[in-house]
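Descriptive structure summary
The primary structure of each chain is shown beneath.
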Protein chains: 2
Amino acid sequence: MKTIDVCLSPDLMHLYKVEDRTVVVVDILRATSCMVTAFAHGVESITPFANLDMCREMRGQGYITSGERDGKMVAGFDKGNSPFEYMGDQVRGMRIAFTTTNGTQAIEKSKGAKEVIIGSFLNLSAVAKHLLFSDNNILIVCAGWKGKVNLEDTLFAGAVVEKLKDYIQPDCDAPLAAQHLYNLAKSDMVKFMSNSSHVKRLNRLNVIKDIEFCLTPDQYKVLPKLNGHVLTL
Amino acid sequence: MKTIDVCLSPDLMHLYKVEDRTVVVVDILRATSCMVTAFAHGVESITPFANLDMCREMRGQGYITSGERDGKMVAGFDKGNSPFEYMGDQVRGMRIAFTTTNGTQAIEKSKGAKEVIIGSFLNLSAVAKHLLFSDNNILIVCAGWKGKVNLEDTLFAGAVVEKLKDYIQPDCDAPLAAQHLYNLAKSDMVKFMSNSSHVKRLNRLNVIKDIEFCLTPDQYKVLPKLNGHVLTL
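A brief report on the enclosed structure follows. (Residues numbered from 1 in each chain as written. Chains lettered and ligands numbered in written order. Predicted model: local features only at pLDDT ≥ 70, side-chain atom pairs only at ≥ 80, totals over all residues. Heavy atoms only, no water.)

This part is about helix α1 (residues 31-40) of chain B. Residue and element names in this part refer to chain B. Among the 10 residues of α1, nine are classified as buried, and the element is accordingly described as predominantly covered. All of the buried residues along α1 are A31, T32, S33, C34, M35, V36, T37, A38 and F39. Immediately beyond the C-terminal end of α1, within one or two residues, lies G42, with a positive phi of roughly 95°. (Buried < 20%, exposed > 50% of the residue type's maximum accessible area, 1.4 Å probe, protein only. Helix = DSSP H or I, 4+ residues; strand = E, 2+ residues; numbered from the N terminus.)

The next point concerns the interface of chain A and chain B. Residue-level contacts link 28 residues of chain A with 28 residues of chain B. Interface of chain A and chain B: buried area, both sides summed, is about 2,300 Å²; carbon and sulfur atoms make up 68% of it. For the chain A face of the interface with chain B, the top three residues by lost area are A:K148, A:D173 and A:H180, together amounting to 26%. One can count two salt bridges joining chain A with chain B. For A:K148, the salt bridge identified is with B:D5, shortest N-O distance 3.6 Å. Secondary-structure elements contributing two or more residues to the side of chain A that touches chain B are α5 (151-163), α6 (173-185) and α8 (197-204) of chain A. For the side of chain A that touches chain B, the element with the most residues is α6(A), which contributes seven residues. (Contact = heavy atoms within 4.5 Å. Buried area = accessible area lost by both parts, 1.4 Å probe. Salt bridge = Lys/Arg side-chain N within 4 Å of Asp/Glu carboxyl O.)

This part covers the nonpolar core. A:F121, A:I140, A:F156, B:F121, B:I140 and B:F156 are the most contacted members of the largest nonpolar core, which has 155 residues in total. Beyond its immediate stretch of four places on either side in the chain, B:F121 contacts B:I28, B:E152, B:L155, B:F156, B:A159, B:Y182, B:M189, B:C214, B:L215, B:T216, B:P217 and B:D218. (Core = buried A, V, L, I, M, F, W, Y, C linked by side-chain atoms within 4.5 Å.)

A cis amide bond, omega 5°, links A:L29 with the succeeding residue A:R30. Looking at the secondary structure, you find A:R30 in the loop between β2 (21-26) and α1 (31-40). Of note, the phi angle at B:D70 is positive, near 55°, even though the residue is not glycine. Looking at where B:D70 falls in the secondary structure, it is placed in the loop between β4 (64-69) and β5 (72-73).

Here we take up the relation of the copies chain A and chain B. For the match of chain A to chain B, the screw axis carries a shift of 0.0 Å, the RMSD comes to 0.0 Å, and the turn is 180°. The transformation relating the two chain copies, once decomposed into turn and shift, fits a two-fold axis. (Least-squares fit on C-alpha atoms with pLDDT ≥ 70 in both.)

Let us now look at the packing of aromatic side chains. Residues and elements named next belong to chain A. One pass over the structure, following the stated rule, counts eight aromatic pairs over all chains. Both rings, one in F84 and one in F213, keep their centres 5.1 Å apart while their planes meet at 45°; by these two values the pair is tilted. With F84 in the loop between β5 (72-73) and β6 (95-99) and F213 in helix α9 (residues 208-214), the pair connects residues that are 129 residues apart, well separated along the chain. The exposure class assigned to F213 is buried, which follows from its relative accessible area of 14%. Note on F121 and F156: the rings are 5.6 Å apart at their centroids and 85° apart in plane angle, and the pair reads as edge-to-face. Of the two residues, F121 sits in the loop between β7 (115-119) and α4 (124-133) while F156 sits in helix α5, which places them 35 residues apart along the sequence. Each member of the pair, F121 as well as F156, is classed as buried. Taken together through their ring pairs, the aromatic side chains of F84, F213 and Y220 make up a single cluster. Here the basic side chain of R95 rests over the ring of Y63, its NZ or CZ set 4.6 Å away from the ring centre. (Phe/Tyr/Trp six-rings, centres within 6.5 Å; stacked < 30°, edge-to-face > 60°. Lys NZ or Arg CZ within 6 Å of the ring centre and 35° of its normal.)

The structure is reproduced here in structure tokens:
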């Protein structure tokens, strides 16, 4: 039976071998939710950057610059980190250079994997189906918050473990913990998340609409994949 | 209000400042459960060693050598890592040099803290009372398994958060996740733990009696503390 494991923080990536695994990178609030939304609306490519200045330099080279630091839009960038900025006809065909506090760092640390895909609640079933029909073992990498474990990414990991439980076996305790938390939260994830640190942080920034959207399963069927340094469909 | 945080793995210790905190080190299966049992039965001191050879050298110097690697007793050591080896009159007054796969490593990483105490379900209420009446903020350090997050230490952290919830505020998402898991597990922790990785590992070693005992709250009232390099009451 294939196995699934969950890395609850990018700072624990050294514990996992990824060369033979499919890695799912998840940063629910909000990097990977934005990426999935963008591809669902016809964006051509997203190039993730861990480094802010390297991302900024792409602006003169035909790229839209996007992202945030500490939850806020970066001065001089074209777009921030709300999924609602990545909807509608105007994003079609865009090439985006993207940097965020946590999500793009987690992608950077996953680059040695056999395959890297982008997960969010918005494309949950697309992710689960892909994992089910792939031959690879699985590692879900939670972006967390500056190395610390967060609830929303853990819940997503638990949702994937739960969906695949009859076919793919948890490797260790982290997937079991995530699965328990997801089953506890799933009937009302917004309520469950209301005391979480990142929701409190984002509430101060007035993005409750973003939070509700990012916790909604299966809005899109797209499955962004990393090819070299670039995400495409 | 004082705050409580939970470090789910020793490999995340770099994210936490501990100089002004009371750190509770926990390794339920089985290092800190053994230590608490030993002190409850009159052991004089326990000197934790991260390094196996340094621990072994203490044998000629009036110390009992104790511990395990990968769940198994170390060849040439006096005692292993079952709490039942640390009961009865014969342990009274002993000085023990102790090394384990995870627990003593977590103690080593906690040494910069304002105060380091030893937690287990066996002395849960003693730990909670001490934390309540101390002025320090709190960090619970879960020993985990070779850097990976485990369920049993997370459940203990959640039990402490739950007990103190009216008086001490969670600092981040890890204490909230631990608290949810504990509340889910508390009515039958042995059953909840039956699928965990470490219980499976230990079941192969025939230590189900140890597991049941280590998950039993409030058998003892002792509170081992680190003084320099030595644990005493």
